[in-house]
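What the coordinates show
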Amino acid sequence: YGQGVTRKSPEFAEILEKTLKKCLGSYKKAKIWCTIQSKGVETRFLVVPDAPRKHLPKTVFWAFKKEAAIGDEPLVFDFDVLGSRETKGRKELEILACSAPVSDLEDIKSVFKLAGRPLTGITVTSFAFQNLFRTGYSGEGSRHIGTLFIGTDWSRIDIFSEGNLILSRDIKTGTRSMDEVLL
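All figures in this text were calculated on a predicted structure; none of them were measured in a lab. (Residues numbered from 1 in each chain as written. Predicted model: local features only at pLDDT ≥ 70, side-chain atom pairs only at ≥ 80, totals over all residues. Heavy atoms only, no water.)

The subject of this paragraph is the packing of aromatic side chains. Applying the stated criterion across every chain, the model contains 7 aromatic pairs. Ring geometry for Phe133 versus Phe160: centroids 4.8 Å apart, planes at 80°, classification edge-to-face. You can see Phe133 sitting in helix α4 (residues 125-135) and its partner Phe160 sitting in strand β7 (residues 155-161), a full 27 residues away along the chain. Under the relative-accessibility criterion, Phe160 is labelled buried at 1%. (Phe/Tyr/Trp six-rings, centres within 6.5 Å; stacked < 30°, edge-to-face > 60°. Helix = DSSP H or I, 4+ residues; strand = E, 2+ residues; numbered from the N terminus. Buried < 20%, exposed > 50% of the residue type's maximum accessible area, 1.4 Å probe, protein only.)

This is the structure:
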């Protein structure tokens, strides 16, 4: 698409609609997932005390809030129990927790809706990789994997162990700053 066209431009929805039609044809029941930029997504590996099932979401949320820099903006919050361990006779849970701004999710959902193809789900690349590693679709590989995304203005490193995402962090450098250093 041309310069000046952004995700919020009406032209973008038209381009998306044409592209999806070209890929999917007349198949209207396709379940479409989309990845969003992980830049605004906060992920944390946490260890929390074992809690009754009904109290676990609040326990994880408060542990997450203590570690992550989240403000008052409305967020979608989710977590995954990776496993459990015992420390000094206490059972603890290993958790991967994440939050994403609701506004980012609503923006991308609206673009697909305008294109006539509502989304089934939204994820970030880190979680898509995690699903590949967990299911074995990624082929034979190491038990421990690192990925590095280098973008224009920022980059991201993800570390996986036994198929689980255990670290995901933004790096405040990208190709633009690397170009400046090289010049």
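Once that is clear, we can look at helix α3 (residues 102-114). A rise of 1.5 Å per residue sets the reference length of α3, with its 13 residues, at 18 Å; its end C-alpha atoms lie 18 Å apart and thus fit the reference within 8%. Leu105, Ile108, Val111 and Phe112 are the residues of α3 that are buried. One side of α3 holds all its buried residues, which, seen down the axis, span an arc of 125°. Facing away from the buried side of α3, by more than 90 degrees, are the exposed residues Lys113 and Leu114. Backbone geometry just after α3 places Gly116 at a positive phi near 80°. (Expected span 1.5 Å × (residues − 1). Arc of directions from axis to C-beta.)

Let's shift gears to the pairing of strand β4 (residues 90-101). Along β4, 9 of the 12 residues are buried, which leaves the element largely enclosed by surrounding structure. Relative to β4, strand β2 (residues 42-49) runs antiparallel, the two being bridged by 8 bridges. Bridge pairing in β4 places Val48 opposite Leu93. Bridge count for strand β3 (residues 75-87) against β4 is 12 bridges, and the pairing is antiparallel. What sits directly across from Thr87, in β4, is Arg90. Joining the antiparallel neighbours β3 and β4 is a turn of 2 residues, in which Lys88 adopts a positive phi near 50°. (Pairing = 2+ DSSP bridges.)

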